[in-house]
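Fold and contact review
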Amino acid sequence: MAPRAKEDGGRMDPPEAELCAHMKAYLDGEIEAFDALYVAFAGRLRGYLLSQCRDATLADDLVQETFMQIHRSRRTYQPGRPVTPWVYAIARHVYLMKRRSAGRRARFEESLAADARADDEVSRDALDVMVSGDEVRRALRGVPEDQRQALLMHHVEGWSFHEIASRLGIRVNAAKTRAFRGMKKMRDYLK
Amino acid sequence: MTPDVPSPLRDAVQRDLRPTRPLRPPFVRALVLIPLAVAIVISVPGLRFFRSDMAAIGFVKAWGFSFGQALAGLIIIAVALRESIPGRGLSRRAIAVTFIVGLAIPLVLLAATASAYDVGPEPGLGLQEGIGCFRVSAISAIPALLAAAFLAARAFPMRPALAGALYGLGCGLIADAGLRLFCDYTEPAHVLFGHGGAIVAAMVFGAVVSKFIPRP
């Protein structure tokens, strides 16, 4: 929970009043006021964001993002009102958006990995059945060298496309394409 | 030791730094919608016809209650605009009270206006008349809803769907304030579906719209 500024019947404690003055100057276009706000909040925000994400590097990034967001939405600050809750609300929002996008990315990558695993299993099963046959060897011989290499590295030796790409000095997409095309050619041949 | 502002951040801020006028307080910004609210309340019956018992219920229960409801709608929009300001989000209790009070207002006004609850569409026309009222109310709410959505988005709402549902409720009340000058049915099924349903639809529409409006 973000800390709240002390308020007593509309009167703010002195540091908060000082922050309000900085905020007002910042709205007037003074970069020094932004510096002062950064000095006042960077450490506190880092601690708060670190407590949320438990990752020091990410917390540093989030502090920068928070200040950028503060800058973009500075007109939503209402002069005379405490600055601290406003800043922390933005920081919390930045953190939640980051977490949400990270979650989406993780889910996406997970689904890609699951698809790749499923493809792998299907290919291996098929290979187990076929590997002893001469037809497979003949089919493999019919696949161009670069495609055969990617196909075997991925489906037989179990290398990831990233590993294949770095080993062959090609792009990941190129490795995927070669393996896919090679597999397609084999399928066509074996039909 | 005090942290120095990282130079990329400082440069980015400085490049874009110019005097900026802060947004006005939410209740002041909600006043912008008064002409639109008045237009909606008058135009819903004005473009069609007024309820048949206008004279019987009297000026206060007709116009007075309707403008009272529209005012309540504006207040709820102001609450939504407040919710949209970082650091000024509403407590759960305040949110619950706002929704309950907002949804109760049309029912209370109906109870204060109606003498019986059996005035409804002719047999066989219930659904058609219900859809008619729903459509009139929902469509009338759209201009106010879009204007409120624009006002809220300028304030960088932290919980856009909640803010949207709140201003949707406010706009639904404004539209319903006009609808009650047009439709004199008091049958619960018609009122709940045709009138209440439109308010709920405005809330849902507000919550959805708010997600798609870019924020600063």
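Residues numbered from 1 in each chain as written. Chains lettered and ligands numbered in written order. Predicted model: local features only at pLDDT ≥ 70, side-chain atom pairs only at ≥ 80, totals over all residues.

**A look at the overall build of chain B**
When its secondary structure is counted, chain B shows eight helices and zero strands. Each helix and strand of chain B, placed in order from N terminus to C terminus, yields the pattern α-α-α-α-α-α-α-α. Seen along its three principal axes, the alpha-carbon backbone of chain B occupies a region of about 80 × 30 × 25 Å. (Helix = DSSP H or I, 4+ residues; strand = E, 2+ residues; numbered from the N terminus.)

**Re the interface of chain A and chain B**
Taken together, the contacts link 28 residues of chain A with 25 residues of chain B. Of all the elements, helix H2 (residues 31-53) of chain A adds the most residues to the side of chain A that touches chain B, at seven residues. Class assignment of the residues belonging to the side of chain A that touches chain B gives a composition of 15 nonpolar, eight polar and five charged. (Contact = placed C-beta atoms within 7 Å. Nonpolar A, V, L, I, M, F, W, Y, C, P; charged D, E, K, R; others polar.)

**Examining unusual backbone geometry**
Within the chain, Arg54(A) stands out as a residue other than glycine whose phi angle is a positive 55 degrees. The class of Arg54(A) is exposed, set by 9 C-beta atoms lying within 10 Å. (Buried ≥ 20, exposed ≤ 12 C-beta atoms within 10 Å, placed from the backbone.)

**Focus on helix H6 (residues 126-154) of chain B**
Here H6(B) spans 42 Å end to end across 29 residues, near enough to the 42 Å set by a 1.5 Å rise per residue. Directly beyond the C-terminal end of H6(B), a positive phi value near 60 degrees is found at Phe156(B). (Expected span 1.5 Å × (residues − 1).)

**A look at the domain arrangement of chain A**
Partitioning chain A into domains gives domain 1 (7-104) and domain 2 (131-190). For domain 1 of chain A and domain 2 of chain A, the distance between their C-alpha centroids amounts to 53 Å. (Domains from an automatic or database assignment.)

**A short note on helix H3 (residues 56-72) of chain A**
Residue and element names in this part refer to chain A. Its 17 residues give H3 an end-to-end C-alpha distance of 24 Å, which sits within 8% of 24 Å, the value for a rise of 1.5 Å per residue. Listing the buried residues of H3 in full gives Leu-62, Val-63, Thr-66, Phe-67, Gln-69 and Ile-70. With its buried residues spanning 160 degrees around the axis, H3 presents them on a single face. (Arc of directions from axis to C-beta.)

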